[in-house]
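# Notes for the structure review
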Amino acid sequence: MIPAAFDYVAPTSVEEAVRALAEGGEDAKVLAGGQSLIPVLRMRLAAPTLLVDLSGLTELTGVHDEGDSLLIGAMTRHYEVQRDHLVREHARLLCLATDTVADPQIRHRGTFGGALAHADPAGDLPAPALALDAVMVCAGPHGTREVPAAEFFVDYFTTALAPDELLTHVRVPKLPGWGAHYEKFNRVAQAWSIVAVAAAVEVSGGVIAQARVGLTNMGPTPVRARGVEEALVGQPATAEAITTAATRAAEGTDPTTDGNADAEYRAHLARVLTERAVTAAVGA
Amino acid sequence: MTVEVGKARRRKEDARLITGAARWTDNIRLAGMLHMALVRSPVAHARITSVDVTAAVRMPGVLAVFTGRDLAEEQGSLPCAWPITEDMLAPPAPAVAVDEVNFAGEVVAVVVARSAAEAHDALEAVDVDYDELPVVLDLEAAVAEGADLVHPDLGSNKSATWVYDSAEAGAGGDVEQAIAEAEVVVARTFRQQRLIPAFMEPRSVVVDPTPDAVTMWSSTQIPHILRWMLAATVGVPEHKLRVIAPDVGGGFGGKLQVTPEEVIALVVARRLGKPVKWTETRTESMLSAHHGRDQVQKVVVTAKRDGTVTGMRVELLADMGAYLRLVAPGVPILGAFMYNAIYKFPAYKFICHNVFTNKTPTDAYRGAGRPEATFAVERIMDELAAELGMDPMELRRKNWINHDEFPFDTVAGLTYDSGNYEAATARAVELFGYEALRREQNDRRANGDPVQLGIGISTYTEMCGLAPSRVLGALRYAAGGWEHAAIRMLPTGKVELITGTSPHGQGHETAWSQIVADRLGVPFEDVEVLHGDTQVAPRGMDTYGSRSLAVGGTAIVLAAEKVLAKARTVAAHLMECAPDDVDFSAGTFSVRGTSTTMSLGDVVVAAHVAHDLPEGVEPGLDSDAAFDPDNFSFPHGTHLCATEVDTRTGRVTIRKYVCVDDVGKVVNPLIVEGQVHGGLAQGIAQALFEEAVHDEGGTLTTATFADYLLPSAADLPHFVTDRTETPAESNPLGVKGVGEAGTIASTPAVVNAVVDAVRHMGVDDVQMPCTPMRVWKALQAVGGGA
Ligand SMILES: Cc1cc2nc3c(=O)[nH]c(=O)nc-3n(C[C@H](O)[C@H](O)[C@H](O)COP(=O)(O)OP(=O)(O)OC[C@H]3O[C@@H](n4cnc5c(N)ncnc54)[C@H](O)[C@@H]3O)c2cc1C
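Residues numbered from 1 in each chain as written. Chains lettered and ligands numbered in written order. Predicted model: local features only at pLDDT ≥ 70, side-chain atom pairs only at ≥ 80, totals over all residues. Heavy atoms only, no water.

## Side note on the packing of aromatic side chains
Residues and elements named next belong to chain B.
- By the definition in use, this model includes 15 aromatic pairs over all chains.
- On the basis of an interplanar angle of 45° and a centroid distance of 4.6 Å, the ring pair of Tyr416 and Phe634 is categorised as tilted. In this pair, Tyr416 is assigned in strand S17 (residues 415-416) and Phe634 in the loop between strand S25 (623-627) and strand S26 (636-646), connecting sequence segments 218 residues apart. Both residues of the pair, Tyr416 and Phe634, count as buried.
- Here Phe584 and Phe589 contribute two aromatic rings whose centre-to-centre distance is 4.7 Å and whose plane-to-plane angle is 45°, an arrangement assigned as tilted. (Phe/Tyr/Trp six-rings, centres within 6.5 Å; stacked < 30°, edge-to-face > 60°. Helix = DSSP H or I, 4+ residues; strand = E, 2+ residues; numbered from the N terminus. Buried < 20%, exposed > 50% of the residue type's maximum accessible area, 1.4 Å probe, protein only.)

## Comments concerning the environment of Asp409(B)
Residues and elements named next belong to chain B.
- Topologically, Asp409 is positioned in strand S16 (residues 408-409).
- Judged by relative accessible area, Asp409 falls into the exposed class, the value being 57%.
- Contacts of Asp409, omitting those with residues within four sequence positions, involve Leu414 and Thr415.
- A polar side-chain atom of Asp409 sits 2.8 Å from a polar atom in the side chain of Thr415. (Contact = heavy atoms within 4.5 Å. Polar contact = N/O pair within 3.5 Å; in protein donor to acceptor, adjacent residues only side chain to side chain.)

## Side note on the domain arrangement of chain B
All names here are of chain B.
- Domains assigned within chain B are domain 1 (14-133 + 200-250 + 255-288), domain 2 (292-466 + 631-781) and domain 3 (482-627).
- With 17 residues of domain 1 in contact, the opposing surface of domain 3 contributes 17 residues.
- For the domain 1 and domain 3 pair, buried surface summed over both sides reaches about 1400 Å², with 48% attributable to carbon and sulfur atoms.
- When the buried surface of domain 1 facing domain 3 is broken down by residue, Gln221, His224 and Arg242 rank first, second and third, together holding 45% of it.
- For the interface between domain 1 and domain 3, the tally reads two salt bridges.
- For the salt bridge of Glu509 with Arg16, the shortest nitrogen-to-oxygen distance reads 3.0 Å.
- Across the domain 1-domain 3 interface, the total number found is eleven residue pairs in polar contact (both at pLDDT 80 or more).
- If you list the elements that add at least two residues to the side of domain 1 that touches domain 3, you get helix H8 (223-234) and strand S11 (241-244). (Domains from an automatic or database assignment. Buried area = accessible area lost by both parts, 1.4 Å probe. Salt bridge = Lys/Arg side-chain N within 4 Å of Asp/Glu carboxyl O.)

## With respect to unusual backbone geometry
Residue and element names in this part refer to chain B.
- In this model, Leu466 is joined to Ala467 through a cis peptide bond whose omega is -5°.
- Residue placement: Ala467 occurs in the loop between strand S18 (451-461) and helix H16 (469-474).
- Cis geometry is found at the peptide bond from Met768 to Pro769, where omega equals -15°.
- Among the structural elements, Pro769 can be located in the loop between helix H21 (741-758) and helix H22 (772-781).

## Things to note about the nonpolar core
Residues and elements named next belong to chain B.
- Of all hydrophobic cores here, the largest spans 155 residues; its most connected members are Val110, Met312, Tyr348, Phe350, Tyr657, Ile684 and Leu688.
- Sorting elements by how many residues they give to this core places helix H12 (residues 370-388) first, with nine residues.
- Mapped onto the domain boundaries, this core takes at least three residues apiece from domain 1 (14-133 + 200-250 + 255-288) and domain 2 (292-466 + 631-781). (Core = buried A, V, L, I, M, F, W, Y, C linked by side-chain atoms within 4.5 Å.)

## Here we look at the interface of chain B and chain A
- Between chain B and chain A, the residue contacts involve 26 residues of the former and 21 residues of the latter.
- Taken together, the two surfaces of chain B and chain A that pack against each other cover about 2200 Å², and 56% of this comes from carbon and sulfur.
- At the boundary of chain B with chain A, the tally comes to five salt bridges.
- Put simply, Arg44(A) and Asp121(B) hold a salt bridge, and the shortest N to O gap is 2.8 Å.
- The tally of links between chain B and chain A comes to twelve residue pairs in polar contact (both at pLDDT 80 or more).
- At the level of secondary structure, the elements contributing two or more residues to the side of chain B that touches chain A comprise helix H4 (116-123) and H22 of chain B.
- When grouped by side-chain class, the residues that make up the side of chain B that touches chain A number 14 nonpolar, five polar and seven charged. (Nonpolar A, V, L, I, M, F, W, Y, C, P; charged D, E, K, R; others polar.)

And the structure:
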């Protein structure tokens, strides 16, 4: 379908972009890779009157090594994240999750920041960001602020970003020596997750020293499977311990029912996929 | 002489199709052309109490807004060409709803604007009030006592009941007796979910109403039938109407239709005296282009303990949706002749009730009736095998028609001309490694492996080459099943072939050129295939039902023979001998026993200039031929599928897929391979992925490709394909058709494999599509799974 008419600006700096957003008010929207926004416009589910296109903001692309953490520009495309050796080395979970996003065409357009700012409960990057304790760097008319992932995802398709704020970068703490795995369950290759589990595990001397488990599509926002994390820490990295811990995966979640899965089945999947994700992360 | 036929030529149409140089309907731009957008009902059943267009007509760029009432007289009723019974109930089918809407997505108003964007902007400004009525969605509920009615005026939701009884037809015994005497009876109810044809190019239509005549470009499979039907229903005299199907990006039966949108564009363009274009959005397409399948099939099979099948009884509820579209009532009837499949059982009864619901109308979709039948029979053969404790392959062998029994008169009243099920099956079993996979299956069962292995068999046949006109007449179809071809021999030796078939992805330009090149001994490159324009190719019955090669290809052969017959007379005259003394080979005429020769090219020139022709011979070598087959063709084959079922998540993964198809003689193996692959993708999609779902209000909840899941290459296994070649007896090319085989055969192969994987755990059916959740729930229900 044809979107409703809108104005379009292509700022060349973050300041300009923030100004444009502020002037545009409620009806202004950021355009990143357009892989989620354009379909929404075409189906006329939203009709912003101004699009602020970030694709000219080269300062928002690329991955930077900041010592203890990586700083990933919001406009870094999925395929760049997939191939980036810093990400692969220090935040492998993000590479693995990005590998499962959509198809190559979409991964060449869609952006890392767009996928987080869109906050689709079925999207594959929020749960890994949450599991990795990523921090969102947001720029607004009054400067920048940093929002931890745990506070960033507020509700279905809703983040802590104000309408006149941009997500500019994402700070991801390095997890040296950790194993990681993203276990995604969907029905066709280019589809979003029915349920997915992001796991990062540190094993030391055969014992699980630290564990992070994030769940995709088990509620309106990504959630940490705290019960599983608790149950894993201090346990030997054995199949038995993992299986036992994984039984707690659906605790405190609020999965929906839709055409692909009802809540009961999602809860079951969360347990099975958690077992598989943690097993793979430990083995890795 | 065959040099070209059998060659795996790359398709000549592909260069333009894959480089963006194709001419789709939506590419057409005419001076002064207006754009149309359609307001569609969001509700499934309601009386329209008012349509207020005042705000919409004031929107920028809008020239006119029409309601159903505005167009009521001109639009007539959409045609249904297949009244399967004398007393079939058929509601009027307006293109734009006038008083009531009967499915969500039905057109209620038409906006015409200077640009497509302006037309779309104005849609929301049309204010329609609906007085909602009870919706009828479920087939079984629709035919229950006291059901709400889709069309209260008709007094019933049953449009028609059609019965075939082998005893009455004199083709076999009495099923009730077979049931009474049976040692084993297996009864099952299968549900064919509703599918959406999902062609790649959305539908699009452009109408140019000049003062002298009207030209319509449409993304259609059936320019000829469309022209005829439009002339008959909308009142444009047929000779003043030209229909063009330019490049068409897929159809799968979904463009075998006279659509509301085509009628609306025609009526509106004539009203305004300006060219009008309409191109649908994907969601519009999914809501309103006809759907396919959607049947409830109650099947009873009877057998002796030794596995000899003795009879089958089939009772169908077939969902027509809200109206009867072009050939919809006949779709399940095409299946009536296929439930006996490749088997010899002696008694058969088929009863079909066509039912109205408040859903998008259904009609032909790849296979049309035959996939449904094949699914049911191949599924129930597996169930019978399980009941008897027999290997399902063994059960099939015991019951199929042996190759030395052809021609074979079937219990459904057809005559199968040829086939060799033993050969195709033997090859498939070999490629598949059947025994080894059975052993692995047993091991996994014994070990309680969380991933179980299943083997699914489908030994199918189908009727293709639609169709002998007298049979269609006997089935009360309004049209014939012949096909037409004409050949124009141009003075420079080039050849124009005019065909009545209407390709929309099948590669006719290539395959037809190969046939002509061989028959006339001209280079492949010298043949141009003209089609899809009623002014250029004036006669034809179009493309559907795997008919184009078997019927249209034969017409080409006949037309070529006529060219050669006349050329022989002219050549004999010029070479001063009797026509009987002239031989023709590889494009050259020669006088037998001499060295005198003359090329076809020289004969063409001589016939064209007409300086020296035999007495009474008209100038030119052009010819015209029509072919009406006297039988269908019957492709067959054996498809074997191995699936792995993860009993913990319910996920089904196809581990191996082998098919050996017998489509008779092959003109172009590459095209055949492509058709098989695409067919398999669509058949597997029905088994595992696709389903049109409605909510309780009748709204389609799968109206985008995010919700209606089409598999892509990444979701499909490597296909192992091979062929056996048993020529058809019903046409001189020996061809049978391959457009639908993959779709027909694969669905039951996959579902049989899914059920086979978990049968030992107590599961004996999984509803299609076999989604992970459905498989998991089926396992939960029997206390299996993890
Ligand atoms: C067919 C298809 C399949 C897909 N499958 C998957 C999948 O399997 N898994 C998955 O995770 N995703 C999937 N996606 C979504 C894809 O990952 C998108 O790229 C992503 O969700 C959005 O990124 P984008 O850059 O395209 O953002 P856009 O579409 O441009 O924007 C999305 C939203 O975020 C806002 N936004 C974007 N960037 C910023 C910013 N820097 N600051 C503030 N707001 C911003 C926009 O205003 C908009 O509201 C799929 C998309 C398609 C079309």
